[in-house]
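Coordinates in review
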Amino acid sequence: MIGMIVIGVFIILGGFIAGGVVISESVYEGVVLSEERVGVGIGLIAAGIISGSVFIWMGVVGEHLKAIRESLKHVVGYIEDTKDDGSESEATPDTEEKPKLNLCPDCGTKLQPKAKFCPKCGKEM
Ligand SMILES: [Zn+2]
């Protein structure tokens, strides 16, 4: 794709040279001999810039596409990694909630999961 950029630069240079030659032939000592030929020269330069820019643009975009593809791979890899981390961290709160011992706040006696009163001191839950 670097080749495209080089071709584009050569097209622009070629346009400038061809246009410059045409313009210099039609201008003699600051006097415009043929406005038509000057116009043709300017047209050649403009055409060179436009078509050369297209080549450079395609070359640059081609390079960027490669880079974009590479970075997309990294992004996809990153998303895959974070997905794995997410499922692991989701599992932790479940294990934290399971071992929940009910102890009487007054005497510390171990209570039944849905006990309404402490069997030892009779404290209401
Ligand atoms: Zn108690």
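Residues numbered from 1 in each chain as written. Predicted model: local features only at pLDDT ≥ 70, side-chain atom pairs only at ≥ 80, totals over all residues.

**Focus on the overall build of the protein chain**
A tally of helices and strands in the protein chain yields two helices and two strands. From first element to last, N terminus to C terminus, the protein chain shows the α and β order α-β-β-α. Counting over 125 residues, the protein chain shows a buried share of 10%. For the protein chain, the proportion of contacts with a sequence separation of at least 24, taken over those separated by at least 6, is 45%. (Helix = DSSP H or I, 4+ residues; strand = E, 2+ residues; numbered from the N terminus. Buried ≥ 20, exposed ≤ 12 C-beta atoms within 10 Å, placed from the backbone. Contact = placed C-beta atoms within 7 Å.)

**Comments concerning the confidence of the model for the protein chain**
Where the model shows low pLDDT, its predicted coordinates should not be examined in detail. Mean pLDDT over the protein chain: 84, with 86% of residues reaching 70 or higher. Of all helices and strands in the protein chain, the one with the weakest mean pLDDT is helix 2 (residues 35–97) (81), whereas helix 1 (residues 2–26) scores best (91). (pLDDT = per-residue confidence, 0-100.)

**Topic: the environment of Met58**
One can find Met58 in helix 2. For the pair Met58 and Ile5, spaced 53 residues apart in the sequence, the C-alpha separation amounts to 7.7 Å.

**Observations regarding helix 1**
Structural remark: α-helix, 3.6 residues per turn; residues separated by three or four positions point the same way. Compared with an ideal rise of 1.5 Å per residue, which puts 25 residues at 36 Å, helix 1 spans 36 Å between its outermost C-alpha atoms and is within 8% of the ideal. Within helix 1, burial applies to Gly8, Ile11, Ile12, Gly15, Gly19 and Val22. (Expected span 1.5 Å × (residues − 1).)

**A few points about the environment of Leu101**
Looking at where Leu101 falls in the secondary structure, it is placed in the segment after helix 2. As a C-alpha pair, Leu101 and Pro113 span twelve residues in sequence and 7.7 Å in three-dimensional space.

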